[in-house]
Amino acid sequence: MDYFLSEEQNMIVEIAKQITDERIIPQRAELDEKDEFPREILKSMAQADLFAVPIPEEYGGLGGGCFNIVLALEQLGRGCIGIGTAFAASALGVYPIIIAGSDELKEKYLTSVASGEKFAAFGLTEANAGSDASGIQTTAVLDGDEWVLNGTKQWITNGGEAQIYTVVAITDRKKGARGASIFVVEEGDAGFTCGPKEKKMGIRASSTTELIFKDCRIPKNRIIGRPGTGFITVMKTLDSSRPGIAALGLGIGQACIDEATTYAKQRVQFGKPIISFQAVQHMLADMAIQLEASRALVYSAARHIDAHPKDMSKVSSMCKVMATDMAMKVSIDAVQVMGGYGYMREYPVEKMMRDAKILQIYEGTNQVQRNVIGQELNKEYSR
Amino acid sequence: MKIIVCVKQVPDTKDVRLDPETNTLAREGVQSIMNPYDQHALEEAVRLKEQLGGEVTVLSMGPPQAVEVLRQAISCGADHGVLVSDRSFAGADTWATSYTLAKAIHKIGGFDLILCGKQAIDGDTAQVGPGLAMQLEIPFVTCVQKVREANDHELVMERMMDDGYDVVAVSYPALLTVVKDLNVPRIPSLKGKMKAKKIEFTVLSAADIGADSACIGLAGSPTQVVNVFPPPPRAGRAILNGTIDEQIEQLVEKLAVYL
């Protein structure tokens, strides 16, 4: 379908597509097999200015824009959402700085991310604070001119690979959610280490580790926004980033349909290509319907967010749920269409099915997204 | 560091036909690309610029539509593009092409380094790079597979040979031709593509570069293509089947005939 992209948007698609086809697809199986972080591929993405897409122009970026990021991530997701996740998580890591950081922090960190020299990670989740972010245990205490951080973050994407970490910590326990703040921690700060890489079901090219803070001292000016505004910034950050996760889902959906349809045309059973059987055709048709409907919602949501940045929670959650549930379903069906071959590692759909699952879990589970949508509806009808 | 990269627009080799009248390549309706070896030359030029500073100018001789390869070069990190284009250049052989490029380079002015692909995938002669160096009277190194060290006064590199490589140092000005092992060309950047969309290229005619009309195009070419033909298929091939032992037996039988 023609979504009437602008010239700049078409350029973003072209470049992300070229990286996906020439760099990601040839290497994805090996990176998955070896749990290997895609440093070289990320370097080529940086050279192509993809890391500049989410950054404002005054800091060397291309002006941000939810839709632009969505278009890039959809292409990357078609290749490998492990690599797409590494890219998306860097954007996630700098969103708090873009949303609430001081000019000084923006100048210092955004320019180096836009140029691809450094990349970022976002530290929110803890052992006892996942969907319920108010359970955060990590603390930050002001001591003279320094904040002192203590605690452990869990399952942090790009852990051990990023140079810039935005980390949520409690600065005033009594105030609950209003006592959270966000800080920038740099690789190499004394008292900050990353744990070993987690072993995951899918997205194995991405790095996931703990972030461990033991009397980690950072300069006073590394706080993002005023103390106590952390939770609001977190919510805005996740609202901004979720359509990107939805876009990874679109990428997987497209890749699964590409693989399953190509296979169904070649695979001969009972003397005919299996695509000539209605049972297979209907599965492929349902996959295509769900993908296109999801794409239409994700694109519309992204355009809405770009036009109305203050009204993004509900559409952001809606497109995340729809596109990632679609990715899970379509990847399962792609394996089914391809039968025994689909289950084998020689074919890419088994990886896509393993990978797709995380999309329903991270950046807010799809159950939490439905809570957000339900609460927004409740609010809208109370006016 | 001022670097000039010579690039050629060539037909994509996946789809090549010959014009039976002229025995030259039929370019109409064929997808055109930047000669793959030239992409490696451009990549190295951009890397040298990133390391040592300076600027990269891409130079192409060809019809007006060859600006497309210049645009591609800009999106991959080149700063300027120059097209040498004139009907009178048509049919140039490698000597006339080297002459024309040398004249254009004199017109562009000072340079430290010229990079060329080892050869173009259409003509496959590998003569224009060395020919250009001779015209400019500068040293050249062919088939560069690796740049070991680059600084403001010299380059140390590996030259691919049949049985290994030579390590060669050269001072500027110099010309290099490069092979594909040298690097992996980058994917165009977004900012580069935006710049490439807007940029105006300098187009130089035969008169602009002060070319002697006796030295350009078909008339100025000492070599003429007399005949182009597909090589006849090799006759008398046989594929042996069966177990290894059976195949050896068959092979010995066949060879015995020649004893």
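### Re the sheet that holds strand β5 (residues 80-84) of chain B
Residues and elements named next belong to chain B. Spatial strand order, β9-β8-β7-β10-β6-β1-β4-β5-β11: 9 strands in an open sheet with mixed pairing. Here the strands that pair on one side only, and so sit at the sheet edges, are β9 (164-171) and β11 (202-204). Ignoring strand direction, the axes of neighbouring strands in this sheet form an average angle of 35 degrees. Bridge count between strand β6 (residues 113-117) and strand β10 (residues 174-178): 5 bridges; the pairing is parallel. Looking at the pairing, Ile114 lines up with Leu175 of β10. With respect to the sheet, helix α2 (residues 67-75) is in contact with β4 (55-61) and β5, its orientation differing from that of β5 by roughly 165 degrees. Sitting on the sheet, helix α3 (residues 94-108) touches β1 (2-6), β4, β5 and β11, and the angle it makes with β4 is about 140 degrees.

### Some details on helix α3 (residues 66-79) of chain A
Taking 1.5 Å of rise per residue, 14 residues should cover 20 Å, and α3(A) covers 20 Å from first to last C-alpha, within 8% of that figure. Most of α3(A) sits inside the fold, with 14 of its 14 residues counted as buried.

### Overview of the domain arrangement of chain A
Residue and element names in this part refer to chain A. What the domain assignment reports for chain A is domain 1 (7-114), domain 2 (120-230) and domain 3 (232-380). The C-alpha-based centres of domain 1 and domain 3 are spaced at 20 Å. The interface is formed by 22 residues belonging to domain 1 together with 23 residues belonging to domain 3. Across the side of domain 1 that touches domain 3, the residue classes tally to 14 nonpolar, 5 polar and 3 charged.

### Quick notes on the interface of chain A and chain B
Taken together, the contact pairs 12 residues of chain A with 7 residues of chain B. For the side of chain A that touches chain B, the secondary structure elements donating two or more residues are α1 (7-34) and α2 (39-47) of chain A. With 6 residues, α1(A) is the largest single contributor of residues to the side of chain A that touches chain B. Per-class residue counts for the side of chain A that touches chain B are 7 nonpolar, 3 polar and 2 charged.

### Overview of unusual backbone geometry
Here the amide bond leading from B:Tyr172 into B:Pro173 is cis, since omega sits at -5 degrees, within 30 degrees of zero. Structurally, the position occupied by B:Pro173 is in the loop between β9 and β10. Phi at A:Asp215 is positive, roughly 45 degrees, even though this residue is not glycine. Counting through the fold element by element, A:Asp215 comes out in strand β7 (residues 208-219). Taking the C-beta count within 10 Å as the criterion, A:Asp215 has 12 such neighbours and is therefore assigned exposed. Of note in the backbone geometry, B:Ala126 takes a positive phi value of approximately 60 degrees without being a glycine.

### Some points on the pairing of strand β7 (residues 140-150) of chain B
Residues and elements named next belong to chain B. Examined bridge by bridge, β7 and β10 share 3 bridges and lie parallel to one another. When the sheet's bridge partners are listed, Val141 is paired in β10 with Leu176. Taking the residues that link successive antiparallel strands as the turn, the β7-strand β8 (residues 154-161) hairpin has 3 residues.

### Let's talk about the environment of A:Asp286
All names here are of chain A. Within the secondary structure, Asp286 is located in helix α7 (residues 278-307). A count of 13 C-beta atoms within 10 Å places Asp286 in the partly exposed class. Measuring from C-alpha to C-alpha, the distance between Asp286 and Asp333 comes to 9.5 Å, with 47 residues separating the pair along the chain.

Here is what the cut-offs are and how they apply
Residues numbered from 1 in each chain as written. Chains lettered and ligands numbered in written order. Predicted model: local features only at pLDDT ≥ 70, side-chain atom pairs only at ≥ 80, totals over all residues. Pairing = 2+ DSSP bridges. Helix = DSSP H or I, 4+ residues; strand = E, 2+ residues; numbered from the N terminus. Axes fitted to C-alpha atoms, helices over the stretch in contact; angles between N-to-C directions. Contact = placed C-beta atoms within 7 Å. Expected span 1.5 Å × (residues − 1). Buried ≥ 20, exposed ≤ 12 C-beta atoms within 10 Å, placed from the backbone. Domains from an automatic or database assignment. Nonpolar A, V, L, I, M, F, W, Y, C, P; charged D, E, K, R; others polar.

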